[in-house]
Amino acid sequence: MTIRTVNTSRPTPGREGNVMDAVDAGATWRRLLSGSWVGIVVATIILFALSPAIAQGSLGSAPLLSMLPFAAVLAMAAAGQTLVVQQRGLDLSVPGMIALAAGLCTCMVQSHGWPAWLAVTVAVVAPALVGLVNGVLVAVARVMPLVVTLGMNAVLLGTVLAISGGSPATAPGGLSRFSVDRTFGIPNTFIIAVVMLAVGGIIAKRSAVGRRLTYIGVSVPTASALGIRVTLYQVVAYGFAGLAYGAAGVLLAGYTRTPGLFIGDSYVLPTVAAVVLGGTAMTGGIASIVASGVGALFLTQLGQLLRSLGWNDAQQLIAQAAVLAAVVLLRQAAPALRGLAAQRRRRRTLPTAG
């Protein structure tokens, strides 16, 4: 009788690294072939090149400088959404997160006498803690992400109404000046977003945390078999997403000076659209924070172009939904089109019967 032994030891870091290298290499090659992240970069360049021809003055210095801060806020919020979508979720608490951050850094100073630095710190950290709660409910309690984040959004909006007393407040002067000012002619909000996306992209691609988050998004059972603590990393992903929403809300409050209580309501669809445009599949797995940021820049410039043409907010939302639907349909059709192209190439290479 032969006795088989099963190795139950945890995998060595080298083994996990080799597997992750293989996953990253294969995913990078597939992304190059499919043109997911390349496509949004090319589309953004084309949009900026055509904007002056379609609507004169839509790409002047003044429109560009007024557009970049809003693109920066959307890019930071899209970075948080990317982390959630990578884990096969969808975060519907984005409006409440942004509104909470904006409300804390304004109302707690004006109405409750907090120091500005404390209010700003709490405004960034509080959404991160809420994100951790979302992560625990999703990863530990196994509640559907849509249910968790939708319910949490209602709780957050109620909290904003409670701390504000139903009236919006003005952002501290220092925060407003920083958000509106420019460094070397570039808006500070845009610089913050670029730094944040660059650091996030490096962490996602080069660090052990980022690689394990990617592997969990690709296959939870395989990640568990490799000894990765799936639940912990999923909770961390939601926490970092909340941190990104908090930073976006603070900068948005500073730039608008007196943000509305529900200032985050218009950020659900754009964050999802930016993530999809950046090449992240709604089924999770391979994701790119930087590409989502480029998608946010594309959507913001598209909105500015449509406003220059006289389109109202409703028409702009329809246009965003149309772009999102077109991208999804193209991605669904891409495998079939590649299969047909491969069949044609094989037929051409087959020898002709004599």
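Residues numbered from 1 in each chain as written. Predicted model: local features only at pLDDT ≥ 70, side-chain atom pairs only at ≥ 80, totals over all residues. Heavy atoms only, no water.

A. Here's a closer look at the overall build of the protein. Tallying secondary structure elements over the protein gives 14 helices and 2 strands in all. Relative to its 354 residues, the protein shows a buried fraction of 46%. Surface exposure of the protein reaches about 17500 Å², of which carbon and sulfur atoms provide 68%. (Helix = DSSP H or I, 4+ residues; strand = E, 2+ residues; numbered from the N terminus. Buried < 20%, exposed > 50% of the residue type's maximum accessible area, 1.4 Å probe, protein only. Areas by Shrake-Rupley, 256 points an atom, 1.4 Å probe, with all protein chains shown as cover.)

B. Structural detail: the packing of helix α4 (residues 94-110) against helix α6 (residues 145-164). Following both chains from N to C, one finds α4 and α6 inclined at 15°, their axes separated by 8 Å at the closest point. With respect to their mutual orientation, α4 and α6 come out roughly parallel. Every pair of crossing elements has a handedness; the one defined by α4 and α6 is left-handed. Contacts from Pro95, Gly96, Met97, Ala99, Leu100, Gly103, Leu104, Cys107 and Met108 of α4 reach α6 at Asn153, Leu156, Leu157, Thr159, Val160, Ile163 and Ser164. Within the contact of α4 with α6, the residues separate by chemical class into 11 nonpolar, 5 polar and no charged. (Axes fitted to C-alpha atoms, helices over the stretch in contact; angles between N-to-C directions. Parallel < 35°, antiparallel > 145°, perpendicular 65-115°, else oblique. Left-handed = near helix turned anticlockwise from the far one by under 90°. Contact = heavy atoms within 4.5 Å. Nonpolar A, V, L, I, M, F, W, Y, C, P; charged D, E, K, R; others polar.)

C. Examining the packing of aromatic side chains more closely. The final tally for this structure, using the stated rule, is 1 aromatic pair. With a centroid separation of 5.3 Å and 85° between ring planes, the pair formed by Phe70 and Tyr255 is classed as edge-to-face. Placement of the pair is Phe70 in helix α3 (residues 61-86) and Tyr255 in helix α11 (residues 230-256), with a sequence separation of 185 residues. Classification of Tyr255 as partly exposed rests on a relative accessible area of 22%. (Phe/Tyr/Trp six-rings, centres within 6.5 Å; stacked < 30°, edge-to-face > 60°.)

D. Region of interest: the nonpolar core. Counting 66 residues, the largest nonpolar core has Ile98, Leu100, Leu104, Tyr245, Tyr267, Phe298 and Leu299 as the members making the most contacts within it. Setting aside anything within four residues of it in sequence, one finds Leu100 in contact with Ala126, Pro127, Val130, Leu156, Thr159 and Val160. Counting 9 residues, the second-largest nonpolar core is a separate cluster that includes Tyr215, Leu226, Ile228 and Val230. (Core = buried A, V, L, I, M, F, W, Y, C linked by side-chain atoms within 4.5 Å.)

E. How the structure looks around unusual backbone geometry. Backbone geometry at Arg142 places phi at a positive 60°, although glycine is not the residue there. In this model, Arg257 sits at a positive phi of 70°, which is unusual for a non-glycine residue. Mapping Arg257 onto the fold places it in the loop between α11 and α12 (268-277). For Arg257, a relative accessible area of 44% puts it in the partly exposed group.

F. Quick look at the side chain of Gln86. Its place among the elements puts Gln86 in helix α3. Accessibility expressed as a relative area gives 6% for Gln86, which makes it buried. Ignoring any residue separated from it by four or fewer positions in sequence, one finds Gln86 in contact with Leu213, Thr214, Gly217, Gly284, Gly285 and Ala287.

G. Focus on the confidence of the model for the protein. Residues at a pLDDT of 70 or more form 86% of the protein, whose mean pLDDT is 86. In this model residues 1-15 is a low-confidence stretch, pLDDT under 50, and it forms 5 contacts with partners more than four residues away in sequence or in other chains. Throughout residues 19-35 the model reports pLDDT below 50, and contacts reaching past four residues in sequence, or to other chains, amount to 20 contacts. (pLDDT = per-residue confidence, 0-100.)

H. Region of interest: the packing of helix α5 (residues 116-139) against α6. Contact pair α5 / α6: the axes reach a minimum separation of 9 Å and the direction vectors enclose 145°. Handedness of the crossing formed by α5 with α6: right-handed. Seen from α5, the contacting residues are Val130, Val133, Asn134, Leu137 and Val138; seen from α6, they are Pro145, Val148, Thr149, Met152 and Leu156. Its residues assigned to classes, the contact of α5 with α6 shows 8 nonpolar, 2 polar and no charged.

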